[in-house]
Amino acid sequence: LARELGAGAGSAPAVVIGGGPWRIEKVAHGVAATNGRAELPLLDGIGARRGQGESVELLRTFDTLRDLYLTDHRLDGNPVVPAAVAMELMAEVAQRGWPDLQVTGLRDLQVLKGMIIDNGPREVRLAARAAVEPPHDRLGVDVSVEMTDPANPAHRYYRATLELSDRIPAPPAYTLPFESDLEPFGLEVPEAYRRYLFHGPLFQGIRKIQGVCRRGMVADLVPSSPARCLAGAPAGEWLIDPVVFDSGLQMVILWARTHLDVTPLPSRYRRYRRFAPLAGSGIRCDLHIQSQTSESLFYIDLLFTAPDGKLLGWLEGMECPSSRAFNRLAGGHLRSA
């Protein structure tokens, strides 16, 4: 910089210090300009307010009368907010706060405490704040999002970093490395839901299991619609279909019950890369078992592809702590019904 400034008037003019391409100021102003009214189904009818600095805050109430999917996602008989719904909600909050950009990924998602809706509606606070430093790999911002108890902000439910960019990147090329190893699963899908899973009809997104092996599993999934999962026919479409995403996690349970006789409850992951919405006539999901440190802990990737083979989303490095004690959850939707 010193050399450039000292080069003298005889040199050709060039911009040495200027406004960066990060667009944080412009995006922040966009919150006020749009008044937070983007058509996002989980935030339908909910306004956002600007906090201090580059931040957005809002309150959202989970209620079985509005969040119809809660009836079909129960643990030990109690409705529990699925991690996939929390993930979609945090993505919608970031999209609401930075409408000029697009959600292209989530990093370091952590399930800090499960959210049980057992004594009537429960309100949560969502706070999103843009990082001061711009990301090195794209034009956009990183936004940290936390879901907490409004009465006690130290009581955290979920945490993640949302990646927003000026455009959604092209997906990488992908081929399944173990397709020739796949064998028949051995159970029809309805029987798999009865025997191994606890998900009711709204969350039964697995259409067909193509095969399974020690290295993973392949299945066909059915996309969902917000109008089926939420009362009141909210406007907008999913950013990350929580039923499709959760169905990928259901595949993890089926694999673990088949090979280890344990039930995993995923707790965190490294990154989800979003190349397109999880929408269309059908989606293929490839489950890769990346490593297994013990019988009770393994790590997986999930890859979601369209019928034409285009990669829609890639979940990397999900941690899956498991236990035989969780096997008791199987068939919970039948007992609840």
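Please refer to the structure placed before this passage.
Residues numbered from 1 in each chain as written. Predicted model: local features only at pLDDT ≥ 70, side-chain atom pairs only at ≥ 80, totals over all residues. Heavy atoms only, no water.

Caption draft 1: Examining the overall build of the protein more closely. On a plain count of helices and strands, the protein comes out with seven helices and 15 strands. In the protein, which comprises 337 residues, the proportion classed as buried is 50%. A separation of at least 24 residues holds for 71% of the contacts in the protein among residues at least 6 apart in sequence. Accessible surface computed for the protein: about 15200 Å², of which carbon and sulfur atoms make up 50%. (Helix = DSSP H or I, 4+ residues; strand = E, 2+ residues; numbered from the N terminus. Buried < 20%, exposed > 50% of the residue type's maximum accessible area, 1.4 Å probe, protein only. Contact = heavy atoms within 4.5 Å. Areas by Shrake-Rupley, 256 points an atom, 1.4 Å probe, with all protein chains shown as cover.)

Caption draft 2: Highlighting helix H3 (residues 83-97). Taking 1.5 Å per residue, 15 residues should reach 21 Å; H3 reaches 21 Å between its end C-alpha atoms and fits that length. Burial within H3 is extensive, with 14 of its 15 residues counted as buried. (Expected span 1.5 Å × (residues − 1).)

Caption draft 3: Geometry of the packing of aromatic side chains. Tallied over the entire structure, the rule returns five aromatic pairs. Judged by centre distance (6.4 Å) and plane angle (50°), the ring pair of Phe 245 and Tyr 269 falls under tilted. Of this pair, Phe 245 sits in helix H6 (residues 242-259) while Tyr 269 sits in strand E12 (residues 268-274), and the two are 24 residues apart along the sequence. Phe 245 sits in the buried class, given a relative accessible area of 2%. Exposure remark for Tyr 269: the relative accessible area of 3% places this residue in the buried category. Here the aromatic rings of Phe 245 and Tyr 272 are separated by 5.6 Å at their centres, their planes lie at 80°, and the arrangement is edge-to-face. (Phe/Tyr/Trp six-rings, centres within 6.5 Å; stacked < 30°, edge-to-face > 60°.)

Caption draft 4: Summary view of the pairing of strand E14 (residues 297-305). Most of E14 is tucked away: seven of the nine residues are buried. Adjacent in sequence and paired antiparallel, strand E13 (residues 283-294) and E14 are bridged by two residues. One ladder, built from eight bridges, connects E14 with strand E15 (residues 311-323); its direction is antiparallel. Considered in E15, the bridge of Phe 298 is made with Cys 320. What sits between the antiparallel neighbours E14 and E15 is a turn of five residues, in which Gly 309 has the positive phi angle 90°. (Pairing = 2+ DSSP bridges.)

Caption draft 5: Inspection of unusual backbone geometry at higher detail. We note that Asp 76 has phi near 55°; this positive angle belongs to a residue other than glycine. Within the secondary structure, Asp 76 sits in the loop between strand E3 (74-75) and strand E4 (78-79). In this model, Ala 233 sits at a positive phi of 45°, which is unusual for a non-glycine residue. Tracing the backbone shows Ala 233 in the loop between helix H5 (226-229) and H6.

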